[in-house]
Amino acid sequence: MNIFDIIGPVMIGPSSSHTAGAVRMGNLTRELLQDGSTPAGVSIFMHGSFARTAKGHGTDRAIIAGLLGLRPDDDRITGSFEAAEKAGMKFSFTEADLGKVHPNTAQIIATGRHGKKLNLQFSSVGGGKIILNEIDGVKVRYEGRYPTLIVFNEDVPGVVVSVGRIIADEGINIVEMRVYNDENKSNNAVMIINMNKRVDAGFVEKCKSVPEIKKIIYLDKLY
Amino acid sequence: MKSIKELAAAAESRNVRISDIVIELQAEENSCTAIDVFEKMSKRYDVMLEAVERGVKSELKTVTGLSGGDAALLDRYIASGRALGNGLSARITRNAIAVSEVNANMGRIVASPTAGSCGIIPGFLSALEEELSLRREKVIMALITAGGIGAVIAENATLAGAEGGCQAECGSAAAMAAAAGCELLGGTPQQCAHAFSLSMINSLGLVCDPVGGYVEYPCIFRNAHGAVNALAAMEMALSGVKSIIPSDEVIAAMKEVGVKMDTSLKETALGGLAAAPSALRLCRHSAD
């Protein structure tokens, strides 16, 4: 039981899924890009209800606010377009049919200050909760319920064991682990590892010693 | 707590309020003190009151043009002395609309339990507090009761309009407000449970049919109705009126009705008022 999920969260209206959830999509994109604090540019593709009601719900302003690092309860969300201009972040919105996905879905393609690109797809599933569905074309599922490692690695045997050993040596339990291969048969794989404890930057560095790992990102619980 | 019955029984057996039980459970859950829980809730109540104050003054229309300025109309009506009785019900209505309008205008609110139903609990409790010059501490405890009861609904049914229709959002908020108000005015835990049921039974079947898919019409007015519904249910319970169906069975009935409700009436904006000719016409305009 958590009464603060019931009488809460404190948020900017009007809709937890179309506004608060949208801010979180922006927040998470910013965090995952890891290339300067605020992206240099973003292209956002809005699907379903997100496309249809974005303006009235402020979904567009909310995503931009999230990309600028504002939280769902920040009343500067309404002024995010103007703030993006000041911060030198270019953005565009396009209505798109993203296929058989949740009605509240957006795809965000972000470019960092040093040219890194990241292509993410999110759904906002109610109550401000979001799910990350896709990273750079690989289908994943990150719900933000646990401290999580997102590992991008070469799709070769043995990587799961190597990473698993480092986690075990740290005395951490894996609550849930999923491994995703690119359906397009590229060499990319993604592991999403939910853990029972928070970890520090030193731990993440240790994981990087596994040669097949291309990139590793640590995310704390979202809520 | 798995049920309202358990919650009320625990409070009665120790001769305390429902909020005293809930605050203890929450402190345990968060590994913090009851004072921490109280302080956190107190901050949430501050956000609620700011929204009431802001909404009552605001005459802003929303981006869609579908709503805005109605709390201000009620405020002038109350000030003119035309509100019936002592004006309590008009003030509850005004305050609930005020918070919902702040929400529709992208202002800061407390989802209680959702953004779509965020006006009911603040609208009702703030008007009671003012009317009866209640101690702030008691109002915050009542809010904790509302939270505990809402947690039981979330556990056993749903608070989401997309799953249960408006009965799950505004219906739950009204019933939570009724129980909270009942505690605030000295009702017993059993009376709080009856206030909950007496409120919720009038929301069963309430559909979620937002015009254009926006949290504006009829949402804002349903917040007003929910808050006044809480007043009636609370007064019935305080007078000794009982609901023959216990609250946990009322929650189960709400869940069942939500499951049976057609998808077009669950936040999809495909049926009900959302599909009315005027709704479609208004939305065509607001999309331009």
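Up top you'll find the structure we're talking about.
Computed from a predicted structure; not experimentally measured.

Here we take up the overall build of chain A. The secondary structure content of chain A amounts to seven helices and eleven strands. The C-alpha radius of gyration computed for chain A amounts to 18 Å, which stays within 12% of the reference 17 Å derived for 223 residues, consistent with globular compactness. Along the first, second and third principal axes, the C-alpha set of chain A runs to 50 × 40 × 35 Å. Excluding contacts between residues fewer than 6 apart, the proportion of contacts in chain A whose partners are at least 24 apart in sequence is 67%. Taken as a whole, chain A presents about 9,600 Å² of accessible surface, with 49% of it coming from carbon and sulfur.

Attention shifts here to the state of the cysteines. Disulfides are covalent bonds that link the sulfur atoms of two cysteine residues. By the definition in use, this model includes zero disulfides over all chains. Looking at Cys219 of chain B, it has no disulfide partner, and the nearest cysteine sulfur is the one in Cys208 of chain B, 6.2 Å off.

Before going further, it helps to spend a moment on the nonpolar core. Core analysis: the biggest nonpolar cluster contains 73 residues, and Ile7 of chain A together with Phe124, Ile144 and Phe196 of chain B have the highest contact counts within it. In terms of residue count, the dominant contributor to this core is helix H9 (residues 166-184) of chain B (13 residues). For Phe124 of chain B, the residues in contact, after removing those within four places along its chain, are Ile92, Gly119, Ala177, Gly181, Ala227, Ala230, Leu231 and Met234 of chain B. Within the second largest apolar cluster, 45 residues are counted, among which are Leu32, Ile63, Ile77 and Leu118 of chain A.

This part is about the pattern of salt bridges. Residue and element names in this part refer to chain A. Following the criterion strictly, the structure yields 23 salt bridges over all chains and no others. The residue Arg141 makes a salt bridge to Glu143 at a minimum N-O spacing of 3.1 Å. Classification of Arg141 by relative accessible area gives partly exposed; the value is 36%. With a closest N to O distance of 3.9 Å, Arg145 and Glu143 form a salt bridge. The partly exposed category is assigned to Arg145, whose relative accessible area is 41%.

Residues and elements named next belong to chain A. Where burial is concerned, most of strand S6 (residues 129-135) is hidden: six out of the seven residues are buried. Note that strand S5 (residues 117-126) and S6 share six bridges and pair antiparallel. By the bridge assignment for S6, Leu120 is matched with Ile135. Note: S6 against strand S7 (residues 138-142), three bridges, orientation antiparallel. Residue Glu134 lies in a different strand from S7, and its bridge partner there is Lys139. Counted between consecutive antiparallel strands, the loop separating S6 from S7 contains two residues, among which Asp136 sits at a positive phi close to 45°.

The next thing to look at is the side chain of Thr148 of chain A. Residues and elements named next belong to chain A. Tracing the backbone through its elements, the reader meets Thr148 in strand S8 (residues 148-154). Engagement of the side chain of Thr148 in a polar contact is seen with the side chain of Asn194, the distance being 2.7 Å. The contacts of Thr148, once residues within four sequence positions are left out, are Tyr142, Ile192, Ile193, Asn194, Met195, Ile217, Tyr218 and Leu219.

Turning to the interface of chain B and chain A, a few remarks are in order. In this complex, chain B contributes 40 residues to the contact, which on the side of chain A involves 27 residues. Here chain B and chain A share an interface that buries about 2,800 Å² over both sides, 64% of which is from carbon and sulfur atoms. Area buried by chain B at its contact with chain A is led by Arg44, Met106 and Arg108 of chain B, which between them contribute 25% of it. Where chain B meets chain A, there are eleven residue pairs in polar contact (both at pLDDT 80 or more). For the side of chain B that touches chain A, the secondary-structure elements that each account for two or more residues are helix H2 (18-29), helix H3 (34-57), helix H5 (88-104), strand S1 (108-110) and helix H7 (136-156) of chain B. Broken down by element, the residue count for the side of chain B that touches chain A peaks at eight residues, all from H7 of chain B.

Residue pairs spaced three or four apart in an α-helix point in one direction, given the helix's 3.6 residues per turn. Residue and element names in this part refer to chain B. Between its first and last C-alpha, H9 extends 26 Å over 19 residues, near the 27 Å set by a 1.5 Å rise per residue. Taking the largest bend as the criterion, H9 deviates by roughly 25°, centred on Ser172. Along H9, 19 of the 19 residues are buried, which leaves the element largely enclosed by surrounding structure. Trailing H9 by a residue or two, Gly186 shows a phi angle of about 90°, which is positive.

Now for unusual backbone geometry. Going from Gly13 of chain A to Pro14 of chain A, the amide bond is cis rather than trans, its omega being 10°. Along the chain, Pro14 of chain A falls in the loop between strand S1 (10-12) and helix H2 (16-33). Along the chain, Ser112 of chain B connects to Pro113 of chain B via a cis peptide bond; the corresponding omega equals 0°. With respect to the secondary-structure elements, Pro113 of chain B resides in the loop between S1 and helix H6 (120-132).

Here the focus is the sheet that holds strand S11 (residues 213-219) of chain A. The strands making up a sheet associate through hydrogen bonds between their backbones, and the pairing can be parallel or antiparallel. Residues and elements named next belong to chain A. Read from one edge of the open sheet, four strands run S9-S10-S8-S11, paired in antiparallel fashion. In this open sheet, the two edge strands, each paired with only one partner strand, are strand S9 (174-181) and S11. Adjacent strand axes in the sheet meet at a mean angle of 15° when their direction is disregarded. As defined by bridge partners, S8 adjoins S11 across six bridges and the pair is classed as antiparallel. In the strand pairing of S11, Asn153 is matched with Ile213. The strands touched by H2 are S8 and S11; relative to S11, the strand with the most contacts, the crossing angle is about 140°. In the packing of helix H6 (residues 159-169) onto the sheet, the strands contacted are S8, S9, strand S10 (188-195) and S11, and the crossing angle to S10 comes to about 25°.

Criteria and cut-off values
- Residues numbered from 1 in each chain as written.
- Chains lettered and ligands numbered in written order.
- Predicted model: local features only at pLDDT ≥ 70, side-chain atom pairs only at ≥ 80, totals over all residues.
- Heavy atoms only, no water.
- Helix = DSSP H or I, 4+ residues; strand = E, 2+ residues; numbered from the N terminus.
- Rg over C-alpha atoms; globule rule 2.2 N^0.38 Å.
- Contact = heavy atoms within 4.5 Å.
- Areas by Shrake-Rupley, 256 points an atom, 1.4 Å probe, with all protein chains shown as cover.
- Disulfide = S-S within 2.5 Å.
- Core = buried A, V, L, I, M, F, W, Y, C linked by side-chain atoms within 4.5 Å.
- Buried < 20%, exposed > 50% of the residue type's maximum accessible area, 1.4 Å probe, protein only.
- Salt bridge = Lys/Arg side-chain N within 4 Å of Asp/Glu carboxyl O.
- Pairing = 2+ DSSP bridges.
- Polar contact = N/O pair within 3.5 Å; in protein donor to acceptor, adjacent residues only side chain to side chain.
- Buried area = accessible area lost by both parts, 1.4 Å probe.
- Expected span 1.5 Å × (residues − 1).
- Bend = angle between axes of the 7 residues up to and from the residue.
- Axes fitted to C-alpha atoms, helices over the stretch in contact; angles between N-to-C directions.

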